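The chain contents come next:
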Amino acid sequence: MPHTNPPRVGFIGLGSMGSGMTRNLLRAGFPLVVHDVRAEVLEEYAALGAELADSPADLASRSDVVITMLPTPAVVSEVLTGPDGVLAGLAEGATWIDMSTSVPAVAEDVRRRVAGRGISVIDAPVSGMAVGAASGRLQIFVGGDDAEVERWRPVLEAMGDPERILHVGPHGAGYAVKLLINQLWFSHLVATAEVLAVGVRAGVDLGVLRSALIASPANSNFLEHDVLSVLEHGDYDEGFAIALACKDLGLSTDLAAAVGMPVEVSALVEQVYRRARASYGDRAGEMTPFQLYEELVGHPLRLGATA
C-alpha cells in the first residue's frame with residue numbers, strides 16, 4: 001500500500017538479498033536511492049524508478065534512512081566510516097539500519113562517532129534466504145530504542161513478514177539473536193547429517209530412520225523440513241555460500257568469547273564447516289557438510305534411493 005509522504009530510503013548492498021528487498025521497498029511506494037560497488041547492477045534500478053548514488057556519502061545525503069545489507073562486519077564498517085562513507089553524508093535526524101549479519105561492536109563504534117548529531121542506529125538482521133527477500137516475507141530481528149523501531153516499522157514491513165518482525169531488545173540484540181539462530185541451525189545440520197549417516201551405515205532405511213526421529217523427542221524443524229532439500233533433491237543451497245556460513249560461525253564463536261562463554265559444540269560445528277569449505281570450495285552451498293558424511297557412507301543420502 002502506498003504511503004503518504006513516505007521517507008526517502010537509501011539502500012547499500014544489492015546482492016542476492018538486497019535485490020529482493022529493494023524491489024519490495026519500491027513496490028511499497030518508498031522513494032529509493034541505491035548504491036553498490038558493482039556499477040553493472042545499478043543500471044536496472046534506474047529503469048525501476050530508483051535514484052542512483054555515486055558513493056555512500058552521496059546516498060546518505062539524499063536519504064532519511066540508510067539501510068545496509070553487506071557481507072561482513074569489516075565491509076559494514078568501511079561503508080559507514082571510510083572516506084566518502086555514510087557518516088560523511090548522513091544529516092541530523094536521519095537513521096542507519098544495518099540488516100547485515102554483523103556484530104554489535106561495529107554499530108557501537110558508529111554510535112560513538114555520531115554522538116550529539118541526532119542520528120539513530122538500529123540493527124535488524126534477517127532470516128529467510130533469497131526467496132524470503134524476493135517475496136517480502138523475511139523474518140527480522142530488531143535491536144534498538146522502542147520509539148525508533150516503531151518509527152521505521154513500516155519500512156521493515158515492506159521487506160518482512162509483519163508477524164515475524166521481532167523487537168528483540170536494545171542495540172546489539174538483533175545481531176546477537178541472528179548469530180545464535182544461525183549457529184543453532186548449522187549445529188542441527190551437522191548433528192542430523194551425522195545421525196542419518198550412522199543409521200544408514202547400521203542398516204536402517206533412511207526414510208524409516210527419519211520418520212522415527214520425527215516421531216521422537218529428538219524432532220526438529222530442520223529434520224522435518226529443511227533437510228528435505230538434500231534428501232529429496234540433492235540441493236545443498238548454493239544460494240548461500242559456505243564461505244559466508246563459515247564467516248557467520250566465526251562471528252558466533254567470537255561473540256561467545258566476548259561474553260566469556262565456552263562453546264565447545266559450536267566450535268566443533270565450525271570446524272566441520274571449515275573442513276567442508278576446504279573440500280568443496282568457497283562457493284559450495286551452506287548444506288555441503290552433508291557431503292562429508294555421504295562420502296563416508298559411500299553414496300548420497302536420498303529418500304527412496306537404493307544403495
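Here goes a summary of the coordinates provided. All residue numbers refer to position in the chain's written sequence, counted from 1. Owing to the predicted nature of the model, reporting of local features is limited to residues with pLDDT of at least 70; listing and counting of side-chain atom pairs is limited to 80 or more, with chain, interface and lining totals taken over all residues. Think of the side-chain values as coming from all heavy atoms in the structure, minus any hydrogens and water.

### Observations regarding unusual backbone geometry
So, step 1. Here methionine 129, not a glycine, exhibits a phi torsion of approximately 60°, which is positive.
So, step 2. Relative to the helices and strands, methionine 129 is located in helix α7 (residues 129-135).
So, step 3. Phi at aspartate 237 is positive, roughly 60°, even though this residue is not glycine.
So, step 4. Tracing the backbone shows aspartate 237 in the loop between α13 (228-233) and α14 (242-258). The numbering of helices and of strands both runs from the N terminus, where a helix is a DSSP run of H or I of at least 4 residues and a strand a run of E of at least 2.

### Looking at the side chain of aspartate 237
So, step 1. Classification of residues uses two cut-offs on accessible area relative to the type maximum, computed with a 1.4 Å probe and protein chains only: under 20% is buried, over 50% is exposed, and between them is partly exposed. Only four residue types enter the tally: Lys and Arg on the positive side, Asp and Glu on the negative side; His and the chain ends are excluded. The term salt bridge refers to a pairing of a side-chain nitrogen on Lys or Arg with a carboxyl oxygen on Asp or Glu at a separation within 4 Å. This buried residue, aspartate 237, is left without a salt bridge; lysine 178 holds the nearest opposite charge, at 11 Å.
So, step 2. A contact between two residues is defined here by any heavy atoms of the two lying within 4.5 Å. Discounting chain neighbours no more than four positions away, the residues touching aspartate 237 are Met129, Gly285, Glu286 and Met287.

### Brief notes about the pattern of salt bridges
So, step 1. Taken as a whole, this structure holds 15 salt bridges when the rule is applied.
So, step 2. Between glutamate 44 and arginine 23 there is a salt bridge, with the nearest N and O atoms lying 2.2 Å from each other. Linking glutamate 44 in helix α2 (residues 43-48) with arginine 23 in helix α1 (residues 16-27), this pair joins segments that are 21 residues apart in sequence.
So, step 3. Its salt-bridge partner being glutamate 148, residue arginine 151 comes within 3.5 Å of it at the nearest N-O pair. Linking arginine 151 with glutamate 148, this pair stays in helix α8 (residues 146-151), spanning three residues, or about one helical turn.

### A few points about the environment of alanine 173
So, step 1. Inspection of the secondary structure assignment puts alanine 173 in helix α10 (residues 173-201).
So, step 2. What makes alanine 173 buried here is its relative accessible area of 16%.
So, step 3. Not counting residues within four places of it along the chain, the set of residues in contact with alanine 173 comprises Asp123 and Val168.

### Brief notes about the packing of aromatic side chains
So, step 1. Here a pair means two rings of Phe, Tyr or Trp (six-membered ring of Trp) with centres within 6.5 Å. Their orientation is stacked below 30 degrees between planes, edge-to-face above 60, and tilted elsewhere. The tally for this structure, following the rule as stated, stands at three aromatic pairs.
So, step 2. Centre to centre, the rings of tryptophan 185 and phenylalanine 222 are 5.3 Å apart; their planes meet at 80°, and the pair counts as edge-to-face. Here phenylalanine 222 lies in helix α12 (residues 221-226) and tryptophan 185 lies in helix α10, a separation of 37 residues in the sequence.
So, step 3. Taking the relative accessible area as the measure of exposure, phenylalanine 222 reaches 2% and is therefore buried.

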